[in-house]
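The lines below spell out each chain.
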There are 4 protein chains.
Amino acid sequence: MLRQLREQVLEANLEVVRRGLVLYTFGNVSGISREDGLVVIKPSGVPYERMRADDLVVTDLDGKTVWGELRPSSDLATHLHLYRSFPQIGGIVHTHSEHATAWAQAGRPIPALGTTHADYFYGPVPVTRELTAEEIGGDYVHATGVAIVETFGNRDPMEVPAALVAGHAPFCWGKTPDDAVHNAVVLEAVARMAMYTLSLEPNAKGVSQALLDRHYFRKHGSTATYGQSNK
Amino acid sequence: MLRQLREQVLEANLEVVRRGLVLYTFGNVSGISREDGLVVIKPSGVPYERMRADDLVVTDLDGKTVWGELRPSSDLATHLHLYRSFPQIGGIVHTHSEHATAWAQAGRPIPALGTTHADYFYGPVPVTRELTAEEIGGDYVHATGVAIVETFGNRDPMEVPAALVAGHAPFCWGKTPDDAVHNAVVLEAVARMAMYTLSLEPNAKGVSQALLDRHYFRKHGSTATYGQSNK
Amino acid sequence: MLRQLREQVLEANLEVVRRGLVLYTFGNVSGISREDGLVVIKPSGVPYERMRADDLVVTDLDGKTVWGELRPSSDLATHLHLYRSFPQIGGIVHTHSEHATAWAQAGRPIPALGTTHADYFYGPVPVTRELTAEEIGGDYVHATGVAIVETFGNRDPMEVPAALVAGHAPFCWGKTPDDAVHNAVVLEAVARMAMYTLSLEPNAKGVSQALLDRHYFRKHGSTATYGQSNK
Amino acid sequence: MLRQLREQVLEANLEVVRRGLVLYTFGNVSGISREDGLVVIKPSGVPYERMRADDLVVTDLDGKTVWGELRPSSDLATHLHLYRSFPQIGGIVHTHSEHATAWAQAGRPIPALGTTHADYFYGPVPVTRELTAEEIGGDYVHATGVAIVETFGNRDPMEVPAALVAGHAPFCWGKTPDDAVHNAVVLEAVARMAMYTLSLEPNAKGVSQALLDRHYFRKHGSTATYGQSNK
């Protein structure tokens, strides 16, 4: 079932390892077939070295496993809530990549300090509110998704395809699993450069609205000029 | 003698190198056969590149070599005191991994600033008191073990399977030598992220008790839900 | 057309990747044939792994493509303005290398804090003024070049073969594309060491004029004594 | 001439590259035959990738080339002054390794903050005074050696086998070229950990005299207990 998507999600999971964003079995990538209303996700706690496409798990949007023999990632319910709430997205990545995680642990959004940021994220990368003790003691993984969605309000989540969960770590997304991984890699670079920048200039004021617009819309939307035109 | 354990301890020593936690011959891993009351430990000052299972040394819990031709690690007495005092543990790792060592040199416990920490360490990673001049001039290596044990009091050392020796470096442990290495790798990542976090937010307050509980018990104890169930 | 220069520019682009200065398709290197008044530049958004010399684009100094089928780098107009304004230079590199970019984001020139800096850059590496909203909304890429050139005034741009564009990232240059890459690699190392130095000593005062002269002229100009004499 | 020493010095130069302590042709290693009063040193500006033992240069202690066709390292005069002044040493390494260089640029000695430091350096790694404009404008390279030697006074240079030249970078030494490289690698690690430590605790007070003695003499001198006994 959904063999091609399982191959894509496997490859995206392995790419996260190759890019140095995860240790051991930390992190997970999923993808969705909107047509089928089904999600493919990494199994829980299986070493990346021996993960095969057949180890991935297919669930419906309520989290019921419809294919696969392993238990899905323990973060499944967060992924599902994001897929239900953000119909634009096709893939999700969760990592504990070290610099993005540091911003999450600091409880601070990553400000847009330069054009690298602006090329990918149309404004600060937000940090969620802290979860309440009730949420943590209850359906914690689902509540994590709720907190992320709350943070975006009515905003298009594709404008800033990432959020930091306070005290935890980042979630990133994209049009596809591969695109989500690309955003996770850039997020970590942007997080690192923002940390360096503040160490040099604690009051760095960041890019102007004009520069943010220019760079973001150079790569996104109908007026994009970056790359080769799609013939 | 204890060939299988020697192979495991050798492999654990080599893994510490592959993970970038040691320079040259720094660091050492040991394992214990509780049944036999015997410890297998790395020899002193032998380059990792040419270490073989036959170079490892087997000692009893009083430090008497019962097998092997080389001199055991100069940190043997610390390992032995930990094995005698912490009957739950099956393997010990000592490294000078750079970020954990920085916390030890700063004389500061590593606070639980996020869920990565909480997944492995149920609270701050403690730092020992400084040793006295008498201890340092006397049975120093043994005294290092004593200071670590003192730090834990009546607490279960498996809840926080690591300690920082003030002015020195970390010791980590686990159910097996391999598990101890896993904890040492995560400790270094956690130490690094905590340093980054404080550089962004010197007053970061860390995870709530609810979040600490949730993450720690998700991976540990009878209610763990992470990974595949052991069928 | 200009096959040899295209090979050199390709190789210089790949070297930038090998040296860890770029992520994905970030960054670009160009070279100029002064004799022909033609510039060879990386195409826009093509992955480095499959870039071939035939993918490179040849343009005249007004930006008109005279050879090649792909769209040139979106930063072309900056390169062209630098080539027109700095007749001494033969190659240009633009990267988002992380430490140099942090200085650009902080809006601070990189001070000459030691001899490594002085061996390559005869004084601080300058940062441009910020572009105006009009410039950003107008011919932004060209305006970036204008701001760099303004920063140098009547100064010889070969004395400090690099500039930081405020809120953006570095541009470096040299006698050849290869030489420009060499300068970009050193700039990143110098930026990193300067950041470390200020973290240790915020008031580090940097090299004296005598030391700056000694090191810079040891490697540059008619009195250079470094390396093997050109027989 | 001195083929074996040239092979050793070549290997030591290459090890410095493998350990990540140098960029391009930065850095140099030399060795001395005390019996012959001759020094073998890296040639100036030759890429490490194609350096062969026949490219190394043999000079006497006055700097006269007695064998070899290339120009010796531009830092030769510093090496020679150290060999003349420190009869205990057999090899010298100069690098611009990034963290040790940051301390040199900050003009601060590296304090003995932990046992890793104490295992190799019996006290702070000193920084020289700044050179005067006269020294810099005159026999600068020789004056660099003079400043290093001054810093040690009557102290045994083998107790702290390294010095930071203010505003420049470290020089390290040892019994052999290989031993000097080992010290340079450890110096960089110690410099990095000291920087991390001070970022966590600006007032870190460092190891006690008792701990410094214990660790240093565990590895050095007639009472050393580390490693395998030399049978």
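Residues numbered from 1 in each chain as written. Chains lettered and ligands numbered in written order. Predicted model: local features only at pLDDT ≥ 70, side-chain atom pairs only at ≥ 80, totals over all residues. Heavy atoms only, no water.

## Details of the overall build of chain A
As a reminder, the rule being used: Secondary structure follows DSSP: runs of H or I at least 4 residues long count as helices, runs of E at least 2 residues long count as strands, and numbering of each begins at the N terminus. Each residue is assigned to one of three classes by its accessible area relative to the maximum for its type, calculated with a 1.4 Å probe on protein chains only: buried under 20%, partly exposed between the two thresholds, exposed over 50%. A contact between two residues is defined here by any heavy atoms of the two lying within 4.5 Å. With residues, only the protein chains shown are counted as cover, and all accessible areas are computed by Shrake-Rupley using a 1.4 Å probe. When charges are tallied, Lys and Arg are placed among the positive residues and Asp and Glu among the negative ones, while His and the ends of the chain are skipped. Where a charge lies is defined by one atom per residue type: Lys uses NZ, Arg uses CZ, Asp uses CG and Glu uses CD.
Across its full length, chain A holds 8 helices and 7 strands. For the C-alpha atoms alone, the extent of chain A along its principal axes is close to 50 × 50 × 35 Å. Within the span of chain A, comprising 231 residues, buried residues form 61% of the whole. Partitioning the intrachain contacts of chain A with sequence separation of at least 6 by distance along the chain shows that 64% fall at a separation of at least 24. By element, 50% of the accessible surface of chain A is carried by carbon and sulfur atoms, the whole surface being about 8,800 Å². Taking the average place of the 21 positive charges on the side chains of chain A and the average place of its 26 negative ones, the gap between the two points comes to 5 Å.

## Re unusual backbone geometry
If you check the backbone angles, Tyr24 of chain B has positive phi at about 45° while not being a glycine. Among the structural elements, Tyr24 of chain B can be located in the loop between helix H1 (3–18) and strand S1 (28–33).

## Some details on the sheet that holds strand S7 (residues 170–174) of chain A
Within a sheet, neighbouring strands are paired by backbone hydrogen bonds and run either parallel or antiparallel to one another. Residues and elements named next belong to chain A. How we decide: At least two DSSP bridges between two strands are needed for those strands to be called paired. Think of each axis as a best-fit line through the C-alpha atoms, taken over the contacting stretch in the case of a helix, with angles from 0 to 180 degrees between the N-to-C directions.
A sheet is described by the order of its strands in space; here 7 strands give the open sequence S4-S3-S2-S1-S5-S7-S6, paired in antiparallel fashion. Both outer strands of the open sheet, strand S4 (65–67) and strand S6 (162–164), are each paired with one neighbouring strand and no more. Direction aside, the axes of adjacent strands within the sheet are offset by 25° on average. Each of strand S1 (28–33), strand S2 (38–41), strand S3 (57–60), S4 and strand S5 (91–94) touches helix H1 (residues 3–18); the most contacted strand, S1, lies at about 155° to it.

## What to know about the sheet that holds strand S3 (residues 57–60) of chain B
All names here are of chain B. An order of S4-S3-S2-S1-S5-S7-S6 is seen for the 7 strands of this open sheet, with the pairing classed as antiparallel. The sheet is open, and its two edges are formed by strand S4 (65–67) and strand S6 (162–164), each paired on a single side. Mean inter-strand twist for the sheet, computed between neighbouring axes without regard to direction, equals 25°. Each of S1, strand S2 (38–41), S3, S4 and strand S5 (91–94) touches H1; the most contacted strand, S1, lies at about 155° to it.

## Structural notes on the pattern of salt bridges
Threshold: A side-chain nitrogen of Lys or Arg and a carboxyl oxygen of Asp or Glu constitute a salt bridge if their distance falls within 4 Å.
For the coordinates displayed, the defined rule picks out 56 salt bridges over all chains. Put simply, Asp119 of chain C and Arg218 of chain C hold a salt bridge, and the shortest N to O gap is 3.4 Å. With Asp119 of chain C in helix H4 (residues 115–120) and Arg218 of chain C in helix H8 (residues 209–219), this residue pair connects regions lying 99 residues apart in the sequence. Grouping residues by exposure puts Asp119 of chain C and Arg218 of chain C together as buried. Through salt bridges with shared partners, one network takes in Arg3, Arg6, Glu7 and Asp54 of chain A.

## Let's talk about the pairing of S3 of chain A
Residue and element names in this part refer to chain A. What you see with S3 is no split at all: Val57 and Thr59 on one side and Val58 and Asp60 on the other are buried throughout. Bridge analysis of S3 against S4 gives 2 bridges, and the strand direction is antiparallel. Bridge pairing in S4 places Val58 opposite Trp67. Linkage of S3 to S4, two consecutive antiparallel strands, is achieved through a turn of 4 residues, within which Gly63 is found at a positive phi near 95°.

## What about the relation of the copies chain A and chain B?
What counts is decided by this rule: A least-squares superposition brings the copies together, and it is based on the C-alpha atoms of residues with pLDDT no lower than 70 in both.
With an axial shift of 0.0 Å and an RMSD of 0.0 Å, the rotation relating chain A to chain B amounts to 90°. Both copies are brought into coincidence by an operation consistent with a four-fold rotation axis. For chain A, the smallest separation between a C-alpha atom and the rotation axis is recorded for Ser199 of chain A, amounting to 5.6 Å.

## Digging into helix H3 (residues 98–106) of chain D
Residue and element names in this part refer to chain D. For H3, the tally of buried residues reaches 9 of 9 residues, placing the bulk of the element in the interior. Within H3, the full set of buried residues consists of Glu98, His99, Ala100, Thr101, Ala102, Trp103, Ala104, Gln105 and Ala106. Remark: Gly107 follows H3 within two positions and exhibits a positive phi of approximately 70°.

## Considerations on the packing of helix H3 (residues 98–106) of chain A against helix H7 (residues 177–200) of chain A
All names here are of chain A. Here is the rule we go by: We call a crossing left-handed when the near helix sits turned anticlockwise from the far one by less than a right angle, and right-handed when that turn is clockwise. Residues are grouped as follows: Ala, Val, Leu, Ile, Met, Phe, Trp, Tyr, Cys and Pro are nonpolar; Asp, Glu, Lys and Arg are charged; all remaining types, including Gly, are polar.
In the contact formed by H3 and H7, the axes pass within 7 Å of each other and the chain directions differ by 60°. Considering the relative orientation of H3 and H7, their crossing is left-handed. Across from Glu98, His99, Ala100 and Trp103 in H3, the residues of H7 making contact are Leu187, Glu188, Ala191, Arg192, Ala194, Met195 and Leu198. Along the lines of polarity and charge, the residues of the contact of H3 with H7 split into 7 nonpolar, 1 polar and 3 charged.

## Description of the confidence of the model for chain A
Condition: For every residue, the predictor assigns a confidence score, pLDDT, that lies between 0 and 100.
When the pLDDT values of chain A are averaged, the result is 95; 99% of them are 70 or greater. The ipTM assigned to the predicted complex is 0.95, against a pTM of 0.96.

## With respect to the interface of chain A and chain B
Test applied: Computed with a 1.4 Å rolling probe, the buried area is the accessible surface lost when two parts are put together, summed over both parts. N or O atoms closer than or at 3.5 Å make up a polar contact, with two conditions inside protein: a donor-capable atom paired with an acceptor-capable one, and, for residues adjacent in sequence, both atoms drawn from side chains.
Across the boundary between the two partners, chain A contributes 31 residues, which contact 36 residues of chain B. Between chain A and chain B, the buried area comes to about 2,900 Å², and carbon and sulfur atoms account for 54% of it. Between Glu130 of chain A and Lys205 of chain B there is a salt bridge whose closest N-O contact spans 2.6 Å. In this structure, the connection of chain A to chain B is made through 10 residue pairs in polar contact (both at pLDDT 80 or more). Residue assignment for the side of chain A that touches chain B shows that the elements contributing at least two residues are H3 and helix H5 (133–137) of chain A. With 7 residues, the single largest contributor to the side of chain A that touches chain B is H3 of chain A. Here the residues of the side of chain A that touches chain B are counted per class, giving 13 nonpolar, 12 polar and 6 charged.

## What to know about the interface of chain B and chain D
Facing 30 residues of chain B, the contacting portion of chain D comprises 35 residues. Both faces considered, chain B and chain D share a buried interface measuring about 2,900 Å² in area, 54% of it formed by carbon and sulfur atoms. Among the residues chain B hides against chain D, the three largest losses belong to Tyr24, Arg71 and Gln105 of chain B. Together they make up 24% of the total. The interface formed by chain B and chain D holds 2 salt bridges in total. Of the charged contacts, one joins Arg192 of chain D and Glu98 of chain B as a salt bridge, the two residues approaching to 2.5 Å between their closest N and O atoms. If you look at where chain B meets chain D, you find 10 residue pairs in polar contact (both at pLDDT 80 or more).

## Some words on the packing of aromatic side chains
To be explicit about the condition: What counts as a ring pair is set by centres within 6.5 Å for rings of Phe, Tyr and Trp (its six-membered ring), and what kind of pair is set by the plane angle: stacked under 30 degrees, edge-to-face over 60, tilted for all other angles. Charge over a ring is defined by NZ of Lys or CZ of Arg lying within 6 Å of the ring centre and within 35 degrees of the ring normal.
Overall, the coordinates contain 32 aromatic pairs over all chains when judged by the stated rule. Among the aromatic residues, ring-to-ring pairing joins Phe26 of chain A together with Tyr120 and Phe121 of chain B into one connected group. Over the aromatic face of Trp67 of chain A sits the side chain of Arg6 of chain A, whose NZ or CZ is 3.9 Å from the ring centroid.

## So, the arrangement of the chains
Nothing in chain B touches chain C; the tightest C-alpha to C-alpha distance between them is still 11 Å. At their nearest point, the C-alpha atoms of chain A and chain D are still 11 Å apart, with no contact between the two.

## A closer look at the side chain of Arg6 of chain C
As for its placement among the helices and strands, Arg6 of chain C is situated in helix H1 (residues 3–18). In this structure Arg6 of chain C touches Met1, Val40, Ala53, Asp54, Leu56, Val58 and Trp67 of chain C, once residues within four positions along its chain are discounted.

## A short note on the environment of Asp178 of chain C
The topology assignment puts Asp178 of chain C in helix H7 (residues 177–200). With 85 residues separating them in the primary sequence, Asp178 of chain C and Val93 of chain C have C-alpha atoms 9.3 Å apart.

## Quick look at the pairing of strand S7 (residues 170–174) of chain B
Residues and elements named next belong to chain B. Where burial is concerned, most of S7 is hidden: 5 out of the 5 residues are buried. In S7, alternate side chains face the same way, and those of Pro170, Cys172 and Gly174 on one face and Phe171 and Trp173 on the other are all buried. In the sheet, S5 pairs with S7 via 4 bridges, with the strands oriented antiparallel. Paired with Ile92 across the two strands is Trp173, which belongs to S7. Of the strand pairs in this sheet, S6 and S7 are connected by 3 bridges, and their pairing is antiparallel. Residue pairing for S7: Leu164 is matched across the bridge by Pro170. Following S6, the chain reverses through 5 residues before pairing antiparallel with S7; Gly167 in that reversal takes a positive phi of roughly 75°.

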